[in-house]
Amino acid sequence: MNNKPDDFLNYFSEKEKEKVYALADFRTKLVKPLVVLLDKLKFTPNILSLFGLLVLTGFFYFMTKDQVFIASLYLLGHILFDGLDGPLARYKKISSNAGALTDMAVDHSVMLVVAFTLLYVGYASSLWLSFYMVFYTIMIGFVIILNKMKHSPKVIIRTKYFLFFIPVFEMLFGF
């Protein structure tokens, strides 16, 4: 199986790809001992992705209890699990479009959970959040299509991470 990243679904611009793939290689080497252990324990990349999504139930629960610090720890836990699925797939040499699609679907689901949690606890406006979610989803879809057509965008501005920082800003500075 060819594990060349360009063979798989991605939503990176042409300029981002080199840096993203170099970072992925670095991350794979950095977490290799953990990945070897996860492989021995029979974890799969998809299980890690889904477990990372499940961790967000703690984020939602603690945000609704106004325990932003603990909620942020759960969000960090998700980020850690999300950072292990790709290295595990590369280690097991099972990278595929199906895995890339699962990863993107989980990533987008996470963004929805975070966004709706922020909406529920009153940290976001429903109108602006709705516009943002729709346009971000459309942008991701277009980038994937353009990449598959070999017409990669030159630059993409990543905004979803701002959603992840809202609880941290609340904790540090208050709203």
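One structure accompanies this document, and this report is about it. Predicted, not measured: the structure shown is a model, and the values here were computed from it.

## Some thoughts on helix 6 (residues 126–148)
Thinking step 1. In this model, helix 6 (23 residues) spans 33 Å end to end at C-alpha, consistent with the 33 Å of a helix rising 1.5 Å per residue.
Thinking step 2. Within two residues after helix 6, Lys-150 carries a phi angle of roughly 65°, on the positive side.

## Notes on the side chain of His-108
Thinking step 1. With respect to the helices and strands, the residue His-108 is situated in helix 5 (residues 97–120).
Thinking step 2. Reaching out from His-108, the side chain makes a polar contact with the side chain of Thr-137 at a distance of 2.6 Å.

## What about the nonpolar core?
Thinking step 1. Within the largest apolar cluster, 27 residues are counted, with the highest numbers of intra-cluster contacts made by Phe-59, Met-63, Val-114, Leu-118 and Leu-163.
Thinking step 2. Counting only elements with at least two residues in this core, the list comes to helix 3 (45–64), helix 4 (68–92), helix 5, helix 6 and helix 7 (160–173).
Thinking step 3. With eight residues, the top contributor of residues to this core is helix 5.
Thinking step 4. Discounting residues that sit within four places of it in the chain, Met-63 has contacts with Val-68, Ala-71, Thr-117, Leu-118, Val-121, Tyr-123 and Pro-167.
Thinking step 5. With six residues, the next largest nonpolar core counts Val-35, Leu-38, Leu-48 and Leu-84 among its residues.

## Some points on the packing of aromatic side chains
Thinking step 1. Tallied over the entire structure, the rule returns seven aromatic pairs.
Thinking step 2. Between Phe-62 and Tyr-74 the ring centres are 5.5 Å apart and the planes differ by 20°, which places this aromatic pair in the stacked class. With Phe-62 in helix 3 and Tyr-74 in helix 4, the pair connects residues that are 12 residues apart, well separated along the chain.
Thinking step 3. On the accessibility criterion, Phe-62 (17% relative accessible area) is buried.
Thinking step 4. With a relative accessible area of 32%, Tyr-74 lands in the partly exposed category.
Thinking step 5. With a centroid separation of 6.3 Å and an interplanar angle of 15°, the aromatic rings of Phe-131 and Phe-135 are classed as stacked. On the criterion of helical spacing, the pair formed by Phe-131 and Phe-135 is a turn pair, its members being four residues apart in helix 6.
Thinking step 6. Classification of Phe-131 by relative accessible area gives partly exposed; the value is 40%.

## Considerations on the pattern of salt bridges
Thinking step 1. The full count for this structure, using the stated rule, is one salt bridge.
Thinking step 2. Here Lys-92 makes a salt bridge to Asp-39, at a shortest N to O gap of 2.7 Å. Pair noted here: Lys-92 is in helix 4 and Asp-39 is in helix 2 (residues 32–40), with a separation of 53 residues, a long-range link.
Thinking step 3. Lys-92 sits in the partly exposed class, given a relative accessible area of 28%.

## Here we look at a nonpolar patch on the surface
Thinking step 1. Together, Leu-127, Trp-128, Phe-131, Val-134, Phe-135, Ile-138, Phe-142, Ile-145, Leu-146 and Met-149 give the surface a local cluster of nonpolar side chains, amounting to about 1,000 Å² of exposed area.
Thinking step 2. In this structure, Leu-146 sits in helix 6.
Thinking step 3. Assessed through its relative accessible area of 32%, Leu-146 is described here as partly exposed.

## Structural notes on the side chain of Asn-147
Thinking step 1. Within the secondary structure, Asn-147 sits in helix 6.
Thinking step 2. The buried category is assigned to Asn-147, whose relative accessible area is 8%.
Thinking step 3. In this view, Asn-147 contacts Asn-10, Tyr-11, Phe-12, Lys-17, Ser-152 and Pro-153; residues no more than four positions away in its chain are not counted.

Cut-offs applied
Residues numbered from 1 in each chain as written. Predicted model: local features only at pLDDT ≥ 70, side-chain atom pairs only at ≥ 80, totals over all residues. Heavy atoms only, no water. Helix = DSSP H or I, 4+ residues; strand = E, 2+ residues; numbered from the N terminus. Expected span 1.5 Å × (residues − 1). Polar contact = N/O pair within 3.5 Å; in protein donor to acceptor, adjacent residues only side chain to side chain. Core = buried A, V, L, I, M, F, W, Y, C linked by side-chain atoms within 4.5 Å. Buried < 20%, exposed > 50% of the residue type's maximum accessible area, 1.4 Å probe, protein only. Contact = heavy atoms within 4.5 Å. Phe/Tyr/Trp six-rings, centres within 6.5 Å; stacked < 30°, edge-to-face > 60°. Salt bridge = Lys/Arg side-chain N within 4 Å of Asp/Glu carboxyl O. Patch = residues over 30% accessible without salt bridge, like charges linked within 9 Å, V, L, I, M, F, W, Y side chains within 5 Å. Areas by Shrake-Rupley, 256 points an atom, 1.4 Å probe, with all protein chains shown as cover.

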